[in-house]
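Okay, here's what each chain looks like letter by letter:
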Amino acid sequence: RLFKIPFQTGNKRTSAPVKYEEIGGIEYNKETKKERTKESKQHSEQSSLSRTKQKIYNYAFSNDWSNGLFFTITFDPEQVDSFDYDKCYKRLHEFLKNIKYQNPDFKYLFVPEFHKSGRIHFHGIGVNCDKLKLEDSGIKKNGKKIFNICSKTFKYGFTTVSKIADTQKVSSYITKYITKEMITATKGKHRYLCSRNLDIADVENIMVEDKELFMKSVECNPNVINQKTFKSEETGQEITYIKVKK
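Everything in this summary refers to the structure shown in the same document. Since we're looking at a predicted model, the values are computed, not measured.

1. A closer look at the nonpolar core
Point 1. Formed by 24 residues in total, the largest nonpolar core has its most connected members in I73, L92, L96, F110 and F122.
Point 2. Elements with a minimum of two residues in this core: β4 (69-75), α2 (85-102), β5 (107-114), β6 (120-127) and β8 (144-149).
Point 3. Examining the composition of this core, we find that seven residues originate from one element, α2, more than from any other.
Point 4. If we skip the residues at most four places from it in the chain, F110 touches F71, I73, L92, L96, F122, H123, G124, I125, Y192 and L193.
Point 5. With 18 residues, the next largest nonpolar core counts Y59, L109, V111 and I125 among its residues.

This is the structure:
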């Protein structure tokens, strides 16, 4: 990842984090007793959003999802309160543990989606789950067959499953569900589910003195698969993602 705006890394925090307490729906600084400002909340939410997005992308992009599956989990209100995040999370966690028990090498990464109605869905990617029973739904989307998980395996709602065609695309796609609304709704809670056997890339930070020269070397490198640039309008930061074959 090439960042347009440099930033410091590796420095330990020199001061204790500010702690807040909520009284009557309003947050107050525990030490100064002053009401938390709107700017402070926005900064905290934006920082949390960026960290979570980066964490999800790193997990997704560091693993090979070839021949894997993309899941969408929708809860049946008669089986699970689909407005209650904790209950939905618990049921999904139990379901994934059962798959893992039958498929020890199963790797997965799931994130929630909060609809405008308030109902909760989960989207996820998984691989090495050959023993998971799927049924052909008879539906095709963009040329892909859509499957359902056997109802005896997942009893709490409705599912759609499709085969993953591209690891890079699915890594970006799963990250798009990390939104401000999701960050707010999951404050103080687990924001995603992932298996312990996921690979994660080692990170080394370097300062690029000559960006133009660096980008020329990227263009000439036969191992570079592709590159994409994203810009944050709020922070002005511009990040170029460059994918290179091992």
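2. Side note on the state of the cysteines
Point 1. In this structure the tally under the stated criterion is zero disulfides.
Point 2. As a non-bridged cysteine, C129 has C150 as the owner of its nearest cysteine sulfur, 14 Å distant.
Point 3. In this model C194 remains outside any disulfide bridge; the closest cysteine sulfur is found in C129, 16 Å from its own.

3. Thoughts on the layout of surface pockets
Point 1. Here the largest pocket defines a volume of roughly 1,800 Å³.
Point 2. In terms of lining, the largest pocket is formed by 42 residues, of which the most central are R1, L2, D202, E204 and I242.
Point 3. Mapped by element, the contributors of at least two residues to the lining of the largest pocket are β1 (2-3), α1 (38-61), α3 (167-175), α5 (211-220), β11 (224-231) and β12 (238-244).
Point 4. Looking at the lining of the largest pocket residue by residue, the class counts come to 20 nonpolar, eleven polar and eleven charged.
Point 5. Considering the residues around the second largest pocket, the lining is formed by 21 residues, among which S50, K53, Q54, I239 and Y241 are closest to the centre.
Point 6. Taken together, the elements giving at least two residues each to the lining of the second largest pocket come down to α1, α3, β11 and β12.
Point 7. Take the lining of the second largest pocket: its biggest share by element is six residues, from α1.
Point 8. When the residues that make up the lining of the second largest pocket are grouped by side-chain class, the tally is seven nonpolar, ten polar and four charged.

4. Notes on the packing of aromatic side chains
Point 1. A complete count under the given rule lists 16 aromatic pairs for this structure.
Point 2. Ring plane angle 85° and centroid distance 6.3 Å describe the contact between F75 and F122, whose orientation is recorded as edge-to-face. Linking F75 in strand β4 with F122 in strand β6, this pair joins segments that are 47 residues apart in sequence. F122 matches F75 in its accessibility class, with the two residues each being buried.
Point 3. Between the aromatic rings of F154 and Y156, the centroid separation amounts to 5.9 Å while the plane-to-plane angle is 85°, which identifies the pairing as edge-to-face.
Point 4. A residue is classified by how much of its surface remains accessible, and F154, at 3% relative accessible area, is buried.
Point 5. You can call Y156 partly exposed: its relative accessible area is 24%.
Point 6. Through successive ring pairs, a cluster of aromatic residues spans F75, Y85, Y89, F95, F114, F122, F154 and Y156.
Point 7. Directly above the aromatic system of Y177 lies the positively charged group of K176, at a separation of 5.2 Å from the ring centroid.

5. Considerations on the sheet that holds β1
Point 1. Within the open sheet, the three strands sit side by side as β1-β12-β11. Their pairing is antiparallel. Bordering the open sheet on either side are β1 and β11, each of which pairs with just one other strand.
Point 2. One ladder, built from seven bridges, connects β11 with β12; its direction is antiparallel. Each bridged residue has a counterpart across the sheet, and for F230 the counterpart in β12 is I239.

6. A look at α1
Point 1. Along its 24 residues, α1 runs 34 Å from first to last C-alpha, staying within 8% of the 34 Å computed at 1.5 Å per residue.
Point 2. Within α1, the full set of buried residues consists of Q46, S48, L49, T52, Q54, I56, Y57, Y59 and A60.
Point 3. Against β5, β6, α3, α4 (180-185), β10 (193-194) and β12 lie the buried residues of α1.

7. Let's talk about the packing of α1 against α3
Point 1. At a closest axis distance of 9 Å, the pairing of α1 and α3 adopts a crossing angle of 155°. In terms of axis orientation, α1 runs roughly antiparallel to α3. Classified by chirality, the crossing of α3 by α1 is right-handed. Contact residues: α1 offers K53, I56, Y57, A60 and F61, while α3 offers T167, Q168, S171, S172, I174 and T175.
Point 2. When the residues that make up the contact of α1 with α3 are grouped by side-chain class, the tally is five nonpolar, five polar and one charged.

Rules behind the numbers
Residues numbered from 1 in each chain as written. Predicted model: local features only at pLDDT ≥ 70, side-chain atom pairs only at ≥ 80, totals over all residues. Heavy atoms only, no water. Core = buried A, V, L, I, M, F, W, Y, C linked by side-chain atoms within 4.5 Å. Buried < 20%, exposed > 50% of the residue type's maximum accessible area, 1.4 Å probe, protein only. Helix = DSSP H or I, 4+ residues; strand = E, 2+ residues; numbered from the N terminus. Contact = heavy atoms within 4.5 Å. Disulfide = S-S within 2.5 Å. 1 Å grid on protein atoms, 1.4 Å probe; cavity = no way out; pocket = protein on both sides within 12 Å on 5 of 7 lines; lining within 4 Å. Points joined across faces, edges and corners; volume = space filled by probe spheres on them. Nonpolar A, V, L, I, M, F, W, Y, C, P; charged D, E, K, R; others polar. Phe/Tyr/Trp six-rings, centres within 6.5 Å; stacked < 30°, edge-to-face > 60°. Lys NZ or Arg CZ within 6 Å of the ring centre and 35° of its normal. Pairing = 2+ DSSP bridges. Expected span 1.5 Å × (residues − 1). Axes fitted to C-alpha atoms, helices over the stretch in contact; angles between N-to-C directions. Parallel < 35°, antiparallel > 145°, perpendicular 65-115°, else oblique. Left-handed = near helix turned anticlockwise from the far one by under 90°.

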